[in-house]
Structures are given as structure tokens and as C-alpha cells.
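In case you want the letters, here they are:
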Amino acid sequence: MKTTTAFSEPFETFVAPARQRPAIWRLVLGVLIWFAFAAGFAVLLVAVMTFLDPGMIQREGVFNGTTPIGVISFLGVFIGAFFAVWLVARVLHKRGWRSLLGQGPILRNFLIGAGVFLGLQAFNFLVWHQFYDSQPNVPLDVFLSWLPALVVVLIFQTGAEELLCRSYMMQQLAARFRSPVVWMVIPQAFFALLHFNPATYGPLTWLILALIFVLAMMWADLVRVTGNIGASWGWHFANNLIVFGIFGSPGDVDGLALRLTPYSVVDTPVVAYVAFVATLTVTWLILRRILRP
């Protein structure tokens, strides 16, 4: 098949497994099954925790991540969502798990994506600390003791979202439609809406969703360029490792963050948003240059 500007050769290979069973009803049913499976696993996890200790849910802040156990549990519910994507691909599309990851050096791309973003964010933080002082939150020994568990649940949490929005949905839509408005924009808009949280974001909800959408589009473009979700997944993992484990915001799943900003999400200064968007843009441009075949 002749490629277009939107369909790079690696992306054609990435989409190919979805062409066997591209019916839209399968995709819609698949997303619904994903939601049901993910919700069912969350209910099961809460039920088990309540059975083991009736007061644990409230005491550990499981629903808002105010303690280390709360953060791990909050992110751990995505384990069900992670395996739900494999289940949907296998049952509805007769696809193997490897087809969701794509071809090429996936682990290498993951490490490069994570490394480039972490490096640029480190520089960003050095500049930020010239103007603001971060606040201590979790003691270092407590953080280190929980770090292995945090890494594991973040692999599942970011993996679940990558497999659904940057793999399964993009592949199945691209198998039917050539326009990137369909196969690229719709899954990333869906991803942004998954983060709808007016209780935390308040009047900035739609601004933050817009930033998440822009970030998701950058990740989707890396998938288009490389033909696998490695770089997108690595960058996503590094971003969430910082947010949940290193440098969080007060009141936003902050139970395991080493340091906190002196302001909440809704009070974030404009310059901080500008610096963050600049970091995202530079990360995307560097990765695009490094990873382009």
C-alpha cells in the first residue's frame, strides 16, 4: 500500500495486524469491555482491602492517594485495565499481545523516551528552584522503600493507557480511516477525557485537559514515526514517576512524592505552565529526531 505523510512505513506495519478484523463495532465493544474489566478489577481490589482491614480504605486514602499505600492502590487498579487490552485484542480481533506493542527496538525506545524527558525535567527543576522553594513531603527512606512498588504499578498504569489509546484504538481506527483526524485525534481526546477531574483541577479543568491532549498528540506522533509504543510509554512512565514519586502537587495524589510544589494545581503560576509546555516540545523534537528511521 502506498504510504502518505501521516502513514509512515513503520506505522503501516504497526497498523497491519488490525486490518484483519477492523469493524468499528468490535472497537466500540472492545472499549466498553475495557471499561467493565477495569472497573471490575477496581471493585475487586477495594473488596479485598476492605475484607483484610475494614478501615484501610479511609485510613490510607485509597481514593485520593494521601498515603504511600493509597498511592500504590490508586495506581494499582490499572493492573486490570492493562490486561483488559490484551483480552480485548485476543477475543475480539484474534490478535497476539505482541501486535499491540509494535515492531522495532521497543525497550530501547522506552529507555530513550524516559531518559530524554528526565534529563530535560532535571534542568527545568534547576531553573524552577531559582524562583521557588519546594516543600518536603515523604522522608527519603520511606520513599526508597516504596520505590520498587511504585515503579511496578506505574509500568502497569502507564502501560494500560498506552496500550488502549496509543495502540489498540489508533491501530483499529487507522485500519479503517486514512485521516489522522480520526485515528490520531480521537484516541488522544479520549485519553484526555479519562483525566477529567474537576474536584482537583477546579476552574482549570479544561486547560489541564487541553495540555494533556497536546502531550498525548506528541506521544501519538512518536508512535506514528517509530511504529511502536516504546518511546511514548517511556516518556509517559517518566512523567508519572516525577508527578507521583518525586515532585508532586499538594492534594493531587501526593502521598508518595518526595517534594511538593508550594502551590496547588489550581494555583500554578502561568510561567510554570509555559516552562512545562516548552519542556514537552523540546522533548518531542529531540525524540522525533533521534528515533526517526
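Check the entry above for the structure.
Each chain has its residues counted from 1, running along the sequence as written. Only residues with pLDDT of 70 or above have their local features reported here, since the model is predicted, and side-chain atom pairs are shown and tallied only from 80 upward, although totals for entire chains, interfaces and linings are computed over all residues. Excluding hydrogens and water, the side-chain figures rest on all heavy atoms present in the structure.

(A) Focus on the packing of aromatic side chains. Within 6.5 Å between ring centres, the rings of Phe, Tyr and Trp (the latter by its six-membered ring) count as paired, and their orientation is classed by plane angle as stacked under 30 degrees, edge-to-face over 60, tilted in between. The final tally for this structure, using the stated rule, is 21 aromatic pairs. Ring geometry for Phe110 versus Trp233: centroids 6.0 Å apart, planes at 80°, classification edge-to-face. Taken as a pair, Phe110 in helix H7 (residues 106-128) and Trp233 in helix H12 (residues 230-246) lie far apart in primary sequence, 123 residues in all. Exposed residues in this analysis have more than 50% of their type's maximum accessible area, buried residues have under 20%, and partly exposed residues fall in between, with area computed by a 1.4 Å probe over protein chains only. Relative accessible area serves as the criterion here: at 13%, Phe110 is assigned to the buried category. Measuring from centroid to centroid gives 4.8 Å for Phe125 and Phe247, while their planes differ by 45°, and the two rings are tilted. Of this pair, Phe125 sits in helix H7 while Phe247 sits in strand E2 (residues 247-248), and the two are 122 residues apart along the sequence. Side by side, Phe125 and Phe247 carry an identical accessibility label, which is buried. Through a chain of ring-to-ring contacts, three or more aromatic side chains come together here, namely Phe82, Phe83, Trp86, Trp97, Phe110, Phe156, Trp233 and Phe237. Should the NZ of a Lys or the CZ of an Arg lie within 6 Å of a ring centre and within 35 degrees of the ring normal, that charge is described as sitting over the ring. Positioned above the aromatic ring of Phe191 is the side chain of Arg166, whose terminal nitrogen or guanidinium carbon lies 4.2 Å from the ring centre. Going along the chain from the N terminus, every DSSP run of H or I of four or more residues is numbered as a helix, and every run of E of two or more is numbered as a strand.

(B) Focus on the packing of helix H11 (residues 205-226) against H12. H12 packs onto H11 with a crossing angle of 150° between their chain directions and a minimal axis gap of 7 Å. As judged from the angle between their axes, H11 and H12 are roughly antiparallel. Here Leu215, Met218, Trp219, Leu222 and Val223 of H11 come into contact with H12, specifically with Ala231, Ser232, Trp235 and His236. Residues are grouped as follows: Ala, Val, Leu, Ile, Met, Phe, Trp, Tyr, Cys and Pro are nonpolar; Asp, Glu, Lys and Arg are charged; all remaining types, including Gly, are polar. Here the contact of H11 with H12 is built from residues that sort into 7 nonpolar, 2 polar and no charged. An axis is simply a line fitted to the C-alpha atoms; with a helix, the fit covers only the stretch in contact. Between two such axes, the angle follows the N-to-C directions and lies from 0 to 180 degrees. Between 65 and 115 degrees an angle is taken as roughly perpendicular, under 35 as roughly parallel, over 145 as roughly antiparallel, and anywhere else as oblique. Here a residue-residue contact requires only that any non-hydrogen atoms of the pair lie within 4.5 Å.

(C) Summary view of unusual backbone geometry. A positive phi angle, close to 55°, is found at Lys94, a residue other than glycine. Take Lys94: it is sitting in the loop between helix H5 (78-93) and helix H6 (98-101). Of note in this structure, Val253 is not a glycine but carries a positive phi near 50°. Considering the arrangement of structural elements, one finds Val253 in the loop between E2 and strand E3 (259-260).

(D) Broad picture of the nonpolar core. For our purposes a nonpolar core is just a set of buried Ala, Val, Leu, Ile, Met, Phe, Trp, Tyr and Cys residues, chained together by side-chain atoms within 4.5 Å. Phe11, Leu150, Leu163, Leu164, Tyr168, Trp183 and Trp235 are the most contacted members of the largest nonpolar core, which has 86 residues in total. Here this core takes 14 residues from helix H8 (residues 140-174), the largest share from any one element. Apart from the residues within four sequence positions on either side, Leu163 is in contact with Phe82, Val85, Trp86, Leu100, Leu101, Tyr168 and Ile229.

(E) Quick peek at the side chain of Ser167. With respect to the element layout, Ser167 can be found in helix H8. Here Leu100 takes part through its backbone oxygen, which lies 2.5 Å from a polar atom of the side chain of Ser167. For Ser167, the contacting residues outside a window of four places in its chain are Phe14, Leu100, Glu162 and Ile229. Here a polar contact means two N or O atoms within 3.5 Å. Within protein one must be a hydrogen donor candidate and the other an acceptor candidate, and residues neighboring in sequence count only if both atoms are side-chain atoms.

(F) Layout of the pattern of salt bridges. We define a salt bridge as a side-chain nitrogen of Lys or Arg found within 4 Å of a carboxyl oxygen belonging to Asp or Glu. Taken as a whole and judged by the stated rule, the model has 5 salt bridges. Linking Arg178 and Glu12 is a salt bridge whose minimum nitrogen-to-oxygen distance equals 3.5 Å. Note that Arg178 is positioned in the loop between H8 and helix H9 (180-193) and Glu12 in helix H1 (residues 9-15), a separation of 166 residues in sequence. Residue Arg178 is classed as partly exposed on the basis of its relative accessible area of 33%. By relative accessible area, Glu12 is classed as buried at 12%.

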